[in-house]
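Structural overview for review
One letter stands for each residue in the lines below.
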Amino acid sequence: MNLREAVFIALRGLRVHRLRSVLTMLGIIVGVAAVIVLVAIGQGMQNSVNARIEPLANLITIVPQIGNVPGGSPPKNLIDADVTALQKAPEVATATPVTTGPTLVETDTVKFRATIVGSTEDWALVNNRDLDSGSFFEATQTRSSARVVVLGPVVASTLFGDPATSLNQTMRINHQTFRIIGVMQSYGQQADKSVIMPLNTARRFIFGGSDDLNQILVQAPGTADVPAAQSQVIDILDSRHQIKDPSQRDFEVQSLGSRLKNFNQILRILTLFTAAVAAISLFVGGIGVLNIMLVSVTERTREIGIRKAIGATRSAILQQFLIESVVLTSLGGIIGILLGVGLSVLGGVIAPKIAPDSGVFASFAPVVSVPSVIISFAISLAIGVIAGGYPANRAARLRPIEALRYD
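Scope of this entry: the structure provided in the associated data block. (Residues numbered from 1 in each chain as written. Predicted model: local features only at pLDDT ≥ 70, side-chain atom pairs only at ≥ 80, totals over all residues. Heavy atoms only, no water.)

1. Topic: the overall build of the protein chain
As a reminder, the rule being used: Labels follow the DSSP assignment, with helices taken as runs of H or I lasting at least four residues and strands as runs of E lasting at least two, numbered in each case from the N terminus. This radius of gyration counts C-alpha atoms alone. The globule rule is 2.2 Å times how many residues there are, raised to the power 0.38. Any residue under 20% of the maximum accessible area for its type is buried, any over 50% is exposed, and the rest in between are partly exposed; the area is computed with a 1.4 Å probe on protein chains only. Per-residue accessibility takes into account occlusion by the displayed protein chains alone, with areas from the Shrake-Rupley method and a 1.4 Å probe. In this charge count, Lys and Arg are treated as positive and Asp and Glu as negative; neither His nor the chain ends contribute. Note on charges: their place is set at NZ of Lys, CZ of Arg, CG of Asp or CD of Glu.
Tallying secondary structure elements over the protein chain gives 13 helices and twelve strands in all. Against the globule reference of 22 Å for 407 residues, the protein chain gives a C-alpha radius of gyration of 33 Å, more extended than a compact globule. With the C-alpha coordinates aligned to their principal axes, the bounding extent of the protein chain is approximately 105 × 55 × 35 Å. In the protein chain, buried positions account for 43% of the 407 residues. Total accessible area on the protein chain is roughly 20,500 Å²; 60% of this is exposed by carbon and sulfur atoms. Side chains of the protein chain carry 34 positive and 28 negative charges; the gap between the two charge centres is 14 Å.

2. Points about the pattern of salt bridges
The line we're drawing: Salt bridges are defined by distance alone: a side-chain nitrogen of Lys or Arg within 4 Å of a carboxyl oxygen of Asp or Glu.
Inspection of every chain in the model, using the stated rule, returns five salt bridges. For R172, the salt bridge identified is with D108, shortest N-O distance 2.9 Å. Of this pair, R172 sits in strand β7 (residues 170-173) while D108 sits in the loop between β3 (94-106) and β4 (111-119), and the two are 64 residues apart along the sequence. A residue is classified by how much of its surface remains accessible, and R172, at 27% relative accessible area, is partly exposed. The partner of R249 in a salt bridge is D238, with the nearest N and O atoms 2.9 Å apart.

3. Description of the side chain of Q219
Defined as follows: Here a residue-residue contact requires only that any non-hydrogen atoms of the pair lie within 4.5 Å.
Examined against the element boundaries, Q219 turns out to sit in strand β11 (residues 215-219). On the basis of relative accessibility, which here comes to 16%, the residue Q219 falls in the buried class. Residue contacts for Q219: discarding those within four places in its chain leaves N58, L59, E91, V92, A93, T94 and V126.

4. Quick notes on the packing of aromatic side chains
Aromatic rings considered in pairs are described by the distance between their centres and by the relative angle of their planes. Under the convention used in this document: Ring pairs are drawn from Phe, Tyr and Trp, using the six-membered ring of Trp, whenever the two centres fall within 6.5 Å, and their geometry is named by plane angle: stacked under 30 degrees, edge-to-face over 60, tilted for the rest.
Under the counting rule described, the total for this entry stands at three aromatic pairs. Ring plane angle 90° and centroid distance 6.1 Å describe the contact between F178 and F205, whose orientation is recorded as edge-to-face. Taken together, the positions of F178 in strand β8 (residues 176-184) and F205 in helix α7 (residues 199-207) put the pair 27 residues apart, joining distant regions of the chain. Taking relative accessible area as the criterion, F178 reaches 0% and is therefore assigned buried. In this structure F205 comes out as buried when scored by relative accessible area, which is 18%.

5. Some remarks on the nonpolar core
Put simply, the rule is: Each nonpolar core is a collection of buried residues, namely Ala, Val, Leu, Ile, Met, Phe, Trp, Tyr and Cys, held together in the definition by side-chain atoms within 4.5 Å.
If you look at the biggest cluster of nonpolar residues, it comprises 22 residues, and the most contacted ones within it are I28, V32, V289 and F321. Every element with two or more residues in this core is listed here: α2 (18-53), α9 (256-299), α11 (314-354) and α12 (370-396).

6. Description of the side chain of T142
This is how the line gets drawn: Under this definition, polar contacts are N or O atom pairs within 3.5 Å; protein pairs additionally need one hydrogen-donor-capable and one acceptor-capable atom, and for neighbouring residues in sequence, both atoms have to be side-chain atoms.
With respect to the element layout, T142 can be found in helix α5 (residues 139-143). Engagement of the side chain of T142 in a polar contact is seen with the side chain of E121, the distance being 3.2 Å.

7. Overview of the packing of α2 against α12
Applied cut-off: Between N-to-C directions, angles cover 0 to 180 degrees, with each direction set by a line fitted to C-alpha atoms, over the stretch in contact for helices. When an angle is under 35 degrees it counts as roughly parallel; over 145 it counts as roughly antiparallel; between 65 and 115 it counts as roughly perpendicular; any other value is oblique. Crossing handedness follows the turn of the near helix against the far one: under a right angle anticlockwise gives a left-handed crossing, and clockwise gives a right-handed one.
Here α2 crosses α12 at 160°, and the two axes come no closer than 9 Å. The angle between α2 and α12 places the two elements in the roughly antiparallel class. Judged by the sense of rotation from one axis to the other, the crossing of α2 with α12 is right-handed. Along the contact surface, α2 presents I28, V32, V35, I36 and V39, while α12 presents S372, V373, S376, S380 and I383.

8. Looking at α12
Structurally, the α-helix is built with 3.6 residues per turn, so residues lying three or four positions apart point the same way. As a reminder, the rule being used: A helix is expected to span 1.5 Å for every residue after the first. Two axes enter the bend calculation: one fitted to the seven residues ending at the residue in question, the other to the seven starting there, and the bend is the angle between them.
The terminal C-alpha atoms of α12 lie 37 Å apart, and with 27 residues this matches the ideal 39 Å at 1.5 Å per residue to within 8%. Residue G389 marks the point of greatest curvature in α12, where the axis turns by about 40°; the proline P391 follows within four residues. Burial in α12 covers these residues: S372, V373, S376, S380, I383, G384, A387, G388, P391, A392, A395 and A396.

9. A word on helix α6 (residues 153-160)
Of all eight residues in α6, six are buried, a share of seventy percent or more. Along α6, the positions that sit buried rather than exposed are P153, V154, V155, A156, L159 and F160. In this fold, the buried residues of α6 make contact with β3, β4, β6 (148-151), β7, β8 and β9 (194-198). Looking one or two places after α6, you find G161, whose phi comes out positive at around 80°.

10. Brief notes about the pairing of β4
The criterion, for reference: One bridge is not enough; two strands pair if DSSP finds at least two bridges between them.
Two strands pair when backbone bridges link them, and β3 and β4 are joined in this way by nine bridges, in the antiparallel orientation. Each bridged residue has a counterpart across the sheet, and for T99 the counterpart in β4 is G118. Sheet topology note: the β4/β9 ladder contains five bridges and is parallel. Across the sheet, residue T115 finds its bridge partner in β9, namely S194.

11. Considerations on the packing of helix α3 (residues 80-87) against helix α8 (residues 226-240)
To keep things clear, this is the line we draw: Throughout this entry, Asp, Glu, Lys and Arg are counted as charged residues, while Ala, Val, Leu, Ile, Met, Phe, Trp, Tyr, Cys and Pro are counted as nonpolar. The remaining residues, Gly among them, count as polar.
The geometry of α3 relative to α8 is characterised by a closest axis approach of 10 Å and an angle of 140° between their N-to-C directions. By the angle class used here, α3 and α8 are oblique. Between α3 and α8 lies a crossing of right-handed hand. Contact residues: α3 offers A81, D82, A85 and L86, while α8 offers V233, I236, L237 and R240. For the contact of α3 with α8, the residue count by class is six nonpolar, no polar and two charged.

Dropping the structure here:
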């Protein structure tokens, strides 16, 4: 009997016992599909986050340390002079001052607690933020303390219903009237609750005349220049704040690039872990294949005896049952691949519709990994060989006279 005949007999056996074959393959199908889907979700999430953060990978954020440092002198605030000093550093492309704080914004009919962000005309560019409508304030408006604001979409929709109708409308903050010149695109729930205005305007009308800053945004020329820029930032601020001991710094320097790298490492580990958990169902499916093959050997004992009595060799019997097991698991693997790829594509269609304003999920699309498909299918084939090996060997070792006597 050649290989073609053996495969044909195996397929005929699957057709005869359709329900049993489907139930046996179910564990393989679920296991393969789960591995593919989970790896695709992990890769898709990583790509979605990277797409949002990579434009900011050369961004360094400096924030003041909250509270007194134990054993150190009273902390110094970040001020405009720090920004001026940082702008002169060779590895610093831009340094943007930011002051923030919560406050109540209102119209004649609606009040809303928002976060005020006071900065320069470079704020949107530095943070890779886009406008949905209108325009951002200009350098002349920053210098003249113009009472103009750009709203986050949540603020605009809360105060005016339709964000598009908010342009050129007025709102009040601290009993001062401000004109709305733009609305930002959605960037996440917290960021969408912000009101951005010129730095001098925020100091004059909201936070007082102090030159203190809540944040300094430093851009390196490129992602590869971030470590050098971060080192220069620390050296400059250590010198200006008279820091001798690094443990007593009154400021904190954070790099989004390093955070992105750490996030990707953690996400890869979680993806591999969840895929390994999903692969347990493949092991369970293998036990099901082993059980069914043992049943098949028992049911066909007399057939085995007849075939051996008319000249079938031990290797032919062994080959026949191994092929049946491999055909069973390979079909399960193929169906599992189709199911896993289909669910991944479906997830990419559904996720943006479920959470269109969630930021990451708005552009989320699972990415089917070719290695995950190949590895999961290879494991299903290996299960066929391993789970079918013992029953096949048991069938091949039967003596013809004992098999023919079996009832």
